[in-house]
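Remarks on the overall topology
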Amino acid sequence: MRYTDIAIIGGGLSGSTAAAMLGRAGISAVLIDPHESYPADFRVEKLSGHTQVDRFLRTGIGESVLRRATFAGENWIARFGHLLDKAPSRQFNILYDSLVNAVRDEIPASVERIWAKAVSLETSSERQKVVLSNGETLSARLVVLANGLNVGLRHQLGITRKIVSACHSISIGFDVVPAGRNAFGFPALTYFSERPSDRIPYITLFPVGTRMRANLFVYRGFDDPWLHDLRRAPAETLNAALPRLKRITGAFDISGELKIRPVDLYVNDAGGLHGLALVGDAFSTSCPVAGTGCDKVFTDVERLCNVYIPQWLASDGMDAAKIAGFYADPVKRDCDEWSAAKAFDFRSVSIATSPYWTAQRWARFIAWSAQGLLRPLGGANFLGHSSSSSSSSSSSRSSSSSSSSLSSSA
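**Observations regarding unusual backbone geometry**
Phi at Cys 167 takes a positive value of approximately 45°, unusual for a residue other than glycine. With respect to the secondary-structure elements, Cys 167 resides in strand β10 (residues 160-178). Although it is not a glycine, Arg 199 sits at a positive phi angle of roughly 60°. For Arg 199, the position within the fold is in the loop between β11 (189-192) and β12 (202-208). By relative accessible area, which is 30% here, Arg 199 ends up partly exposed.

**Looking at the confidence of the model for the protein**
Here the protein averages 92 in pLDDT, and 92% of its residues register 70 or above. A low-confidence stretch, residues 382-410 (pLDDT under 50), is modelled with 89 contacts involving residues beyond four sequence positions or located in other chains.

**Re the pairing of β12**
When you tally the buried positions in β12, you get 7 out of 7 residues, the bulk of the element. Residues Tyr 202, Thr 204, Phe 206 and Val 208 point to one face of β12 and Ile 203, Leu 205 and Pro 207 to the other, with burial holding for every one of them. Where β11 lies against β12, 4 bridges are found, and the strand directions are antiparallel. Counted as the bridge partner of Thr 190 is Thr 204 from β12. The turn joining β12 and strand β13 (residues 211-218), which pair antiparallel and follow one another in sequence, is formed by 2 residues; a positive phi near 65° is taken by Gly 209.

**Concerning the pattern of salt bridges**
Pairing between side chains of opposite charge can happen when their charged atoms approach one another. For the coordinates displayed, the defined rule picks out 23 salt bridges. Across the pair Arg 2 and Glu 136 runs a salt bridge whose closest N-O atoms are separated by 2.5 Å. Placement of Arg 2 in strand β1 (residues 2-9) and of Glu 136 in the loop between β8 (128-132) and β9 (137-145) is noted, with a sequence separation of 134 residues between them. Judged by relative accessible area, which is 27%, Arg 2 ranks as partly exposed. For Glu 136, a relative accessible area of 25% translates into the label partly exposed. A salt bridge links Asp 295 to Arg 55, with the nearest nitrogen and oxygen atoms 2.7 Å apart. Here Asp 295 is found in helix α9 (residues 293-313), whereas its partner Arg 55 is found in helix α2 (residues 50-57), with 240 residues between them in sequence.

**Quick look at the nonpolar core**
Grouped together as the largest cluster of nonpolar side chains are 71 residues, with contacts concentrated most on Ile 6 and Ile 309. Tallying contributions element by element places α9 first for this core, with 10 residues. In this view, Ile 309 contacts Ile 6, Leu 22, Ile 27, Leu 142, Val 144 and Leu 304; residues no more than four positions away in its chain are not counted. By size, the runner-up hydrophobic cluster in this structure holds 29 residues, among which are Leu 216, Leu 227, Leu 230 and Leu 258.

**Re the packing of α9 against helix α11 (residues 330-351)**
Viewed as axis vectors pointing N to C, α9 and α11 meet at an angle of 170°, and their least axial separation amounts to 10 Å. One finds that α9 runs roughly antiparallel with respect to α11. Residue-level inspection shows Asp 295, Lys 296, Thr 299, Asp 300 and Arg 303 of α9 in contact with α11, the latter providing Val 331, Lys 332, Cys 335, Asp 336, Trp 338 and Ser 339. Here the contact of α9 with α11 is built from residues that sort into 3 nonpolar, 2 polar and 6 charged.

**Things to note about the sheet that holds strand β3 (residues 46-48)**
The strand order across the open sheet formed by 8 strands is β3-β5-β4-β11-β12-β13-β10-β14, and the pairing between neighbours is mixed. Strands at the two margins of the open sheet, each flanked by one partner only, are β3 and β14 (252-269). Across the sheet, the mean angle separating the axes of adjacent strands is 30° when strand polarity is ignored. Alignment of strand β4 (residues 70-79) against strand β5 (residues 82-93), held across 9 bridges, turns out to be antiparallel. Bridge pairing in β5 places Ala 72 opposite Gln 91. On top of the sheet, helix α12 (residues 355-374) reaches β4, β5 and β11; it is set at about 85° to β5, its chief contact.

So, how was this worked out
- Residues numbered from 1 in each chain as written.
- Predicted model: local features only at pLDDT ≥ 70, side-chain atom pairs only at ≥ 80, totals over all residues.
- Heavy atoms only, no water.
- Helix = DSSP H or I, 4+ residues; strand = E, 2+ residues; numbered from the N terminus.
- Buried < 20%, exposed > 50% of the residue type's maximum accessible area, 1.4 Å probe, protein only.
- pLDDT = per-residue confidence, 0-100.
- Contact = heavy atoms within 4.5 Å.
- Pairing = 2+ DSSP bridges.
- Salt bridge = Lys/Arg side-chain N within 4 Å of Asp/Glu carboxyl O.
- Core = buried A, V, L, I, M, F, W, Y, C linked by side-chain atoms within 4.5 Å.
- Axes fitted to C-alpha atoms, helices over the stretch in contact; angles between N-to-C directions.
- Parallel < 35°, antiparallel > 145°, perpendicular 65-115°, else oblique.
- Nonpolar A, V, L, I, M, F, W, Y, C, P; charged D, E, K, R; others polar.

Below is the structure:
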């Protein structure tokens, strides 16, 4: 049997970040994941916005990792075929597997890595027992469960899941190439839906290396015939839904395979278990449309590794009362609540047809237009602050994600 202080189950974004942070802090930790090199996976494809990037930098590894991303310092905002603003942005574009593998490169050699699957887990108020698919057994003071959407261990432990919103949204990723020319004329683009009936909040285009990547978000059921049409004839179906998009992008083709990912919003309750802390999607999911997934991951991991694990290891035992402090952390709870509210606000402002939400859509359109006109005169920042202050907190949070990342759930 191997012994360690912390066993991290799951080597995606949250688990690998936790391993890097704990190793740098000199805390004994083991990372458990089936894949020595993280495989291609359609999840986070960019980090954007000062808040999200700053949260990543607080982990201590962000600066090195972001050097591998493609930076976009300007994001065009458009709707109805009109360019509304050329907004400065702090956008780092990187595919999820490249992001995770870059984070893994920051894990110190002192952190042992076991490329196997955790097949069973027993928890207690003192030590936790993890049985692996390679026949090994690991004993740890604390298990950090960061295995994303995998449900096997949670079912085994009797962790209950509350579905907040089934198939809340669907994310679609693909590459686009300009037709009849060498490059697109914009650095990055967010194009908002033209009609609520299209059930499309927006499409965002951004460079990853030499590729132009597109993330399209829709509010539809996974069995919706529209998705079948999109798979069969992607360019034609997209052009029918957003007929004036090409006024901004010019003619383009869709190349390669479409990646389609439906997202359920849920929260797992492991509050009564000893020796176990859930982070990232293992705890709760977020809506990629709102772009808050990485905020939640980095907040979870930063609070757990910087604040709670050092405190917990300083005294005997690892009972549920200790772990409860992490779930009740005000910074974590504020981030979780903000993410959940933003998911529903963005859905309403995109597809609801009541007078209130219709007015919200037009207010955003007018604010972006005015901001784009005033930016060359140096007045856009003041206007953005004023419009944000005068609108409701929910709508202002929604509009702030115009260049949000595909969020995860690591």
